[in-house]
Amino acid sequence: MIGFTIAGDGSFDTSNVARRMLEAIKHRGPDSNGIWKENNSQLILGHARLSILDLSSAGHQPMLSACEQYVISFNGEIYNHLALRKQLEIESKAPRWRGHSDTETLLACFVAWGIKKTLQALVGMFAFALWDRQLQVLTLARDRMGEKPLYWGWSKGVLLFASELKALKEHPSFNNIIDRGALNLFLRHSYIPAPYSIYVGINKLMPAHYVQIPLQGDHDSSLSAQPTAYWSVNDVVENGLANPFVGSADDAINSVEAQLSKSIASQMLADVPLGAFLSGGIDSSTVVALMQAQSDRPISTFTIGFEEGGYNEATHAKAVAKLLGTDHTELYVSSADALSVVPLLPRMYCEPFADASQIPTYLVSQMAKHNVTVALSGDGGDELFGGYNRYLAVSSVWRPMQRVPHFLRNAATGFLRGVPPSRWDKIFEAIKPITPKKFHLSTPGDKARKLADVMAISDGQAFYRQLTSQWSDPASVVINGVEPPTLISTSSAWPTTDNIEHAMMAMDSQMYMPDDILTKVDRAAMAISLETRVPMLDHNMVELAWKMPFEFKIRDGRGKWLLRQVLYRHVPAELIERPKMGFAIPLDQWLRGPLRGWADALLDETRLKFEGFFHPEPIRKMWAEHLSGRKSWHQSLWCVLMFQAWLEENQ
């Protein structure tokens, strides 16, 4: 999806610019493309189509409504579009249907119900630009959880918008000034949270928001248009906790399984081959189990494995697939295979992005694309049902630490920092045979470093912020960088909850989930024209999860209790129960080994000084400590490296 307003001196061919913008994001829609432009209109819309529903020309975009008032460029899927069609027909508001695409349904809903009512009725993932030809008003909107991206902003008097920044850069009015405040945020989080982007003047539209921009009359009113929320995670959290689920544990398990099964069924609708990612963990295994339970043929599942045993979950996924009877494909990749992806990342992620699991995500997407066009994933389970280790750390670390005198906490911090992460890894590996399973940690050295960083903190919000920071003080690294506020750093943006764990889960759902997890999957998969769907983020599932009592999420020091119980109805616990690994790669080892030359060049002191974005001293010191093995700074360094690689590619 791309678009821009027509302004300036007319010194360039607008249709040619639109074609170049579409070409830049052709990977998102290689099946066809279209441009909408008419005489006396101030706007051009473009669309690159990945055909999923209604493969015929009746699904071509940009699409004109039956009444010809609206034109839309729409990216995503509306899973309840057949139900919406039926509702329109009951209300006698349905047009004569030209095809069976969800885009046509969406347009008919806008005609019948208007913008806000339609947005609230949708179940799906989407970003769209809707042009009202009569009122000369452009509406940009994004789905509730932020599954689909949308960048927008004014540059040299022109309104630009697109699914990816690389399309905006093709417009002659684009101003590619790097936002140093956003760079601060990137170093802290390893991603740039909405509404910011890496460029001054270009924003990400926040999830669950829409903005209406009048393009006639007073130009100031267009420039001052502000997004409006049509749904709110905080409202869902507070309403759910105020009106909790009433029933037994078995009732709760039944409700979660029923809703998740319904969400999965709606997301299995496609006119092209469909499958699922399967890591063998709780979330993906639950999604696959419920997919297979309602399919009369084996579901296609996909897993990649790594040669490094400590990072490999493929054997677990294979066992789950065999038990469920899926049509399973696995691919073992070498370090060389994974490292070959690194040069692709600065182009794939059109702004700096440094979640290193972007590499295996791309590899599994690439493998799946050989067989399917749509893949379901298990993302969302951690945020909704308490799966991340940082939630467990509240009761196991933070609360007990509040009872320890401050001087003792400082002493413990010094001890933890004095032992290299690699030594902690060896210690935990040596004592594994004599320790309970709950103490079998993956990457214990990294966890020891994070523990050292938070032991002295007494405020719950500060504890969370530190746990989610790759650089604690990015302003000390970024030259002339002032860190702007985010949801996490703004106390008033936090919902009222019954405990800090729930508050952390709510904030993860609004920042980490859309701006890291969903961004990672969307860019990696769409780079090879694979659509991904996330059934746990159906807003009906989200609303149900927040009605569930805390003890149904985290129990006996383990998260995702409810999801585990649903999964155990289909898969034995012994196939699932193991330490949480995530989609990890041995990045710390690679930076000391095969990636060292690449990293050395990007972190060269003369280069850093010349480019003028970073103070070289703290980065060079961190790099030396990492290379020596005294400390493991791979996550912090990866942020700097991904910016440097992006800068080399994009400036």
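Here we summarise the structure given alongside this text. Every chain is numbered independently, its residues counted from 1 as its sequence is written. Local features in this predicted model are restricted to residues of pLDDT 70 or higher, and side-chain atom pairs are both shown and tallied only at a pLDDT of 80 or more, whereas totals for entire chains, interfaces and linings draw on every residue. Hydrogens and water molecules were not included; the side-chain quantities draw on all heavy atoms of the structure.

**Section: the overall build of the protein chain**
Within the protein chain one finds 29 helices and 17 strands. The globule rule used for comparison is 2.2 Å times the number of residues to the exponent 0.38, while the radius of gyration itself is calculated over C-alpha atoms. The C-alpha radius of gyration computed for the protein chain amounts to 25 Å, which stays within 12% of the reference 26 Å derived for 651 residues, consistent with globular compactness. With respect to the three principal axes, the spread of C-alpha positions in the protein chain is 75 × 60 × 45 Å. Relative accessible area decides the class of each residue, using a 1.4 Å probe on protein chains only: under 20% of the type maximum gives buried, over 50% gives exposed, and in between gives partly exposed. Taking all 651 residues of the protein chain together, 59% fall into the buried category. Counted as positive: Lys and Arg. Counted as negative: Asp and Glu, with His and the chain ends omitted from the count. To locate a charge, the coordinates of NZ of Lys, CZ of Arg, CG of Asp or CD of Glu are taken. Within the protein chain, the 68 negative side-chain charges are centred at a point lying 3 Å from the centre of the 63 positive side-chain charges. Numbering goes from the N terminus for both helices and strands, where a helix is a DSSP run of H or I of at least four residues and a strand is a run of E of at least two.

**Brief notes about the environment of S489**
The residue S489 is located in the loop between helix 20 (460-467) and helix 21 (500-510) in this model. Sequence separation between S489 and A462 is 27 residues; the distance between their C-alpha atoms is 8.6 Å.

**Notes on the pairing of strand 3 (residues 43-49)**
Extensive coverage of strand 3 is indicated by the burial of 7 of its 7 residues. Along strand 3, one buried face is formed by L43, L45, H47 and R49 and the opposite face, lined by I44, G46 and A48, is buried too. At least two DSSP bridges between two strands are required for those strands to pair. With 4 bridges joining them, strand 1 (residues 2-5) and strand 3 adopt antiparallel strand pairing. Across the sheet, the residue bridging to G3 is L45, located in strand 3. Bridge analysis of strand 2 (residues 32-36) against strand 3 gives 5 bridges, and the strand direction is antiparallel. Looking at the pairing, I35 lines up with G46 of strand 3. Connecting strand 2 to the next strand, strand 3, in antiparallel fashion are 6 residues, including N40 with a positive phi near 70°.

**So, the packing of aromatic side chains**
Pairing of aromatic rings covers Phe, Tyr and the six-membered ring of Trp, with a centre-to-centre limit of 6.5 Å; geometry is then stacked below 30 degrees between planes, edge-to-face above 60, and tilted otherwise. Using the criterion set out here, one finds 16 aromatic pairs in the structure. Their ring planes at 90° and their centres at 4.9 Å tell us that F174 and Y199 sit as a pair that is edge-to-face. Here F174 is found in the loop between helix 5 (165-168) and helix 6 (180-189), whereas its partner Y199 is found in the loop between helix 6 and strand 10 (202-204), with 25 residues between them in sequence. Judged by its relative accessible area of 10%, F174 is buried. Note on W398 and F463: the rings are 5.8 Å apart at their centroids and 35° apart in plane angle, and the pair reads as tilted. Taken together, the residues W398 in helix 16 (residues 389-401) and F463 in helix 20 connect sequence positions 65 residues apart. By relative accessible area, which is 13% here, W398 ends up buried. What links up through ring pairs into an aromatic cluster is the set F174, Y199, F613, F614, F643 and W646. Put simply, a charge is over a ring when the Lys NZ or the Arg CZ is close to the ring centre, within 6 Å, and near the line of the ring normal, within 35 degrees. Here R85 stacks its cationic end above the ring of W97, 4.0 Å away from the centre of that ring. Against the face of Y512 rests R390, its NZ or CZ located 5.0 Å from the ring centre.

**Observations regarding the sheet that holds strand 4 (residues 63-64)**
Here we have 6 strands laid out as an open sheet, ordered 4-5-6-7-11-12, and antiparallel in their pairing. Sheet topology places strand 4 and strand 12 (228-229) at the edges, where each strand pairs with a single neighbour. Strand direction decides the pairing type here: strand 11 (residues 209-214) and strand 12, joined by 2 bridges, are antiparallel. Bridge pairing in strand 12 links H209 to A229. The contact rule is simple, with two residues in contact once any of their heavy atoms fall within 4.5 Å. A fitted line through C-alpha atoms represents every axis, and for helices the fit uses only the stretch in contact; the resulting angles, taken between N-to-C directions, go from 0 to 180 degrees. Strands in contact with helix 3 (residues 102-113) are strand 4, strand 5 (70-78) and strand 6 (124-132); relative to strand 5, the strand with the most contacts, it is inclined by about 125°.

**Quick word on helix 2 (residues 81-90)**
Every α-helix carries 3.6 residues per turn, so stepping three or four residues along brings you back to the same face. If you check which residues of helix 2 are buried, you get H81, L84, R85 and L88. Down the axis of helix 2, the sector holding all buried residues measures 105°, keeping them to one side. Away from the buried face of helix 2 by more than 90 degrees, exposed residues K86 and I90 are located. On its buried face, helix 2 sits against strand 5, helix 3 and helix 4 (115-121). This arc corresponds to the set of directions leading from the helix axis out to the C-beta atoms.

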